Amino acid sequence: MGKENVPSSVIQFAALDTLLNLGRANSLWPMTFGLACCAIEMMCTGGSRWDISRFGAEVFRPSPRQSDVMIVAGTITKKMAPGVKTLYDQMPEPKWVIAMGNCAISGGPFKFKGNYNVVEGADQFLPVDVYIPGCPPRPEALLEGIMVLEEKIIGKRRKSWPRRQPEKIGSLT
Amino acid sequence: MSMIEKTREALLSLYPDQVAASDDPEKKEEESAQEEAAAGEERQPGVMITDYMTRGTHLDLLCEADQVVAAAEIMDRLGYFLEAISGVDRIKEKKMEVIYDYNRSDEQACRVVVRAFLPREKPEIPTVSEVFPAASWHERETHDFFGIRFTGHPYLVPLLLPEDADFHPLLKDFKP
Amino acid sequence: MSVPITCRPDETFVLNLGPQHPATHGVLRVKLTMDGEYIVKAEPVLGYIHRMHEKMAEAGTYAQFMNNTARMDYLHALAYNHGYCLTVERAAGIEVPERVEYIRVITVELNRISSHLLWWAAFVLDLGGFTPLLYAFDDREKILDLLESVTGSRLTYCYFRFGGVYNDIDDNFIEGTRAFLTRLRSRLPRIYHDLVTGNIILRKRIEKIGVVSKEQCRRYGATGPVLRGSGVCYDVRRNEPYSVYPNFDFDVPVYEEGDSMARYMVRMDEIEQSMRIIEQALDQLPEGPIQAKVPKILKPPEGDYYGAVEAARGTFGCRLVSDGTKTPYRLKLRSPTYCNLSMFGEIAEGMLLADALAFMGSLDLVIPEIDR
């Protein structure tokens with residue numbers, strides 16, 4: 001995989017950029033890229049209890065040509081890694097990557113001394129934007145990850161879902 | 001005659017010199033007790049009745065590498081199915097072991113284990129995939145993990161490892 | 001419907017049902033040689049999620065492997081926990097208290113219902129029906145809440161320990177389970193059977209598709225709903241009873257036709273039988289300890305041991321070779337879908353591609369369990 005130069009846009013927008021980013025962030029179309037257990041939690045997030053459709057992201061496209069964000073949900077093995085890279089390259093710009101689950105962050109529970117087949121993290125060969133830890137992360141964690149990505153795209157966080165500070169231990173009686 | 005007895009009789013035909021000695025039921029129990037007691041020593045080829053509650057299997061057969069196909073044909077005739085094929089790397093004894101697990105799907109429960117030992121430097125054993133097509137994938141996997149060659153296998157290419165893998169990860173002296 | 005192949009070898013093309021595909025339930029690749037829409041040859045290619053479970057068993061202690069058992073088949077993780085615990089308890093001679101056995105059965109059967117619900121949702125999704133997924137996930141969330149209150153996780157449970165379970169069940173769980181069973185009993189005929197099972201489109205898609213005979217099942221070592229859908233009554237809980245299953249009165253559903261509809265009906269009936277088992281277990285639940293006395297570092301005696309349980313997909317077998325130390329010498333895991341999928345190459349010949357996918361969906365594949 002050599003270096004590739006992604007040229008910047010010929011046409012530069014100014015204030016229109018903000019509007020475009022708002023549109024992109026509120027309608028992120030994920031690619032169905034469930035590899036292992038985390039894929040089930042991704043499906044649950046698409047279900048009716050933890051509705052991902054509220055954030056515009058329920059349209060899971062199987063084809064990389066039609067998707068914005070690749071949620072790497074599951075373990076990447078050495079046999080699968082070239083496929084993941086090909087799919088990432090096939091996605092059109094602008095594109096983002098969310099590494100969901102411990103396996104996509106660092107190899108997860110499969111990183112041990114005799115490791116011969118697991119790639120230790122999606123960021124070994126992909127530029128990852130958001131990391132969601134958990135094994136598997138709860139659907140609420142995936143929604144928070146989507147909102148963090150939205151914050152990264154727009155520049156500020158959605159007003160109706162402020163980031164909650166963790167409660168002090170013992171404060172809930 | 002229970003299924004365990006019937007299978008044992010059929011499998012004993014692989015050992016013509018042992019058939020005469022094993023018709024006496026008291027002697028049979030003594031034999032199996034002796035074999036259990038002598039577990040520390042080298043086990044002789046033959047059929048052993050094992051305790052299901054501790055071992056999980058009813059019969060245990062140790063045979064030579066070239067007898068596994070004959071054993072598979074006997075099991076096929078009696079209506080068993082092949083549940084799994086495992087390999088074990090006995091590095092201290094410089095041997096590899098191939099274990100075949102057979103099981104029945106009717107009410108007469110009887111689990112049979114067939115073992116064969118192979119030399120570790122050049123482990124080769126005939127394939128049973130002619131008798132049980134299930135063995136095709138099990139043998140490919142055992143070859144992947146241990147490097148055991150199954151002679152006569154129609155398509156012995158890596159199944160779980162990448163196609164160009166030349167290492168065998170479950171060997172005890174494997175370094176990734 | 002299979003048709004005989006009548007084209008020349010140079011008139012075929014190779015289609016890759018790639019590792020990334022919405023209908024393969026994981027990363028499975030199938031190399032299809034096609035004649036138009038008909039499959040001439042199908043070859044599954046595995047290994048895209050081979051996560052070295054058997055090697056990891058040799059690198060840690062017996063207790064450290066419990067995490068791996070949940071990740072193999074994450075939809076019925078408790079059955080895999082159970083199979084591994086059963087084998088090690090058999091090897092080390094650990095006596096399990098009765099309350100533990102009942103708790104194990106209740107949680108395993110609840111997990112079985114959730115696994116079958118997800119299978120149902122994904123199967124109908126493959127065939128093109130999007131809505132049943134939402135209904136099934138709604139019921140499944142109730143089960144996941146119940147199990148989370150007791151085990152702490154939603155999907156990959158590591159709840160069982162050698163000789164016991166990690167946490168006791170309380171009255172909230174028992175009442176919640178009874179309420180859930182009432183709810184599911186009222187929804188099953190209305191939503192699951194009226195809306196989907198009796199649907200003419202579904203019937204036309206899966207009746208007479210992928211017929212598997214008894215002899216084919218035996219030659220390929222198929223177990224579970226695939227075997228029971230072909231007319232063979234084999235269920236490890238009935239044929240080789242383990243735990244406290246002999247105390248319960250339940251049927252083993254068997255259908256004779258051997259097609260995808262038979263496998264579908266076997267799983268739907270199994271949901272009802274699991275509900276019966278849970279009710280009886282809740283009624284018979286005794287008091288007692290939830291953990292037997294077990295040494296901190298477990299060292300089973302030397303030798304070979306085998307344990308098998310009935311998972312949602314078939315017989316899960318565990319062959320343990322122990323050398324008397326605190327790490328297993330060799331742990332071979334026999335997964336049911338491995339043998340079920342090996343039939344695909346033979347059965348899919350001559351089928352339409354859409355029918356082959358319906359057949360694959362009815363086999364209930366979970367790829368990480370195949371690749372281990």
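Each value, and the rule that gives it
Residues numbered from 1 in each chain as written. Chains lettered and ligands numbered in written order. Predicted model: local features only at pLDDT ≥ 70, side-chain atom pairs only at ≥ 80, totals over all residues. Heavy atoms only, no water. Contact = heavy atoms within 4.5 Å. Buried area = accessible area lost by both parts, 1.4 Å probe. Salt bridge = Lys/Arg side-chain N within 4 Å of Asp/Glu carboxyl O. Polar contact = N/O pair within 3.5 Å; in protein donor to acceptor, adjacent residues only side chain to side chain. Helix = DSSP H or I, 4+ residues; strand = E, 2+ residues; numbered from the N terminus. Buried < 20%, exposed > 50% of the residue type's maximum accessible area, 1.4 Å probe, protein only. Pairing = 2+ DSSP bridges. Axes fitted to C-alpha atoms, helices over the stretch in contact; angles between N-to-C directions. pLDDT = per-residue confidence, 0-100.

*Asks:* Account for the interface of chain B and chain C, with residues named and values stated.
*Replies:* Counting residues at the interface gives 49 residues for chain B, matched by 42 residues for chain C. Considering only the surface of chain B that becomes buried against chain C, Arg55, Trp137 and Leu160 of chain B emerge as the three largest contributors, covering 18% of it. Our count for the chain B to chain C interface comes out at eight salt bridges. One salt bridge in this structure joins Asp304 of chain C and Arg90 of chain B, with 3.9 Å as the shortest N-O distance. At the junction of chain B with chain C, the criterion picks out 25 residue pairs in polar contact (both at pLDDT 80 or more). At the level of elements, α3 (52–55), β3 (81–90), β4 (95–103), β5 (112–119) and α5 (135–146) of chain B are the ones that each hand at least two residues to the side of chain B that touches chain C. Looking at the side of chain B that touches chain C element by element, the count peaks at 10 residues for β3 of chain B.

*Asks:* Describe in detail unusual backbone geometry, supporting the description with residues and values.
*Replies:* Note that the residue after Glu93 of chain A, namely Pro94 of chain A, is joined by a cis bond; omega there is -10°. Even without glycine at this site, Met52 of chain C takes up a positive phi of about 60°. For Met52 of chain C, a relative accessible area of 0% gives the class buried. Positive phi values are uncommon outside glycine, yet Lys208 of chain C reaches one of about 65°. Relative to the helices and strands, Lys208 of chain C resides in the loop between α7 (200–206) and α8 (214–220).

*Asks:* Hey, could you go over the sheet that holds strand β3 (residues 96–100) of chain A for me, with residue numbers and the actual values?
*Replies:* Residue and element names in this part refer to chain A. The strand order across the open sheet built from four strands is β1-β2-β3-β4, with neighbouring strands paired in parallel fashion. Across the chains shown, the open sheet's two edge strands, defined by having one partner strand only, are β1 (30–31) and β4 (130–132). Summarising the sheet, strand β2 (residues 69–73) and β3 pair through five bridges and their orientation is parallel. Within β3, the position partnered with Ala73 by the bridge is Met100. The strands touched by helix α5 (residues 139–154) are β2, β3 and β4; relative to β4, the strand with the most contacts, the crossing angle is about 165°.

*Asks:* An account of the confidence of the model for chain B is needed here, citing residue identities and associated values.
*Replies:* On average, chain B scores 82 in pLDDT, and the residues at 70 or more come to 85%. This model gives residues 36–40 of chain B a pLDDT under 50, and the stretch forms two contacts once residues within four places in sequence are excluded.

*Asks:* An account of the side chain of Glu141 of chain C is requested, with residue identities and associated values reported.
*Replies:* Looking at the secondary structure, you find Glu141 of chain C in helix α5 (residues 131–151). In this structure the side chain of Glu141 of chain C is engaged in a polar contact, spanning 3.1 Å, whose partner is the side chain of Arg49 of chain A. Leaving out residues up to four positions away in the same chain, Glu141 of chain C has contacts with Cys44, Arg49 and Trp50 of chain A together with Arg154 of chain C.

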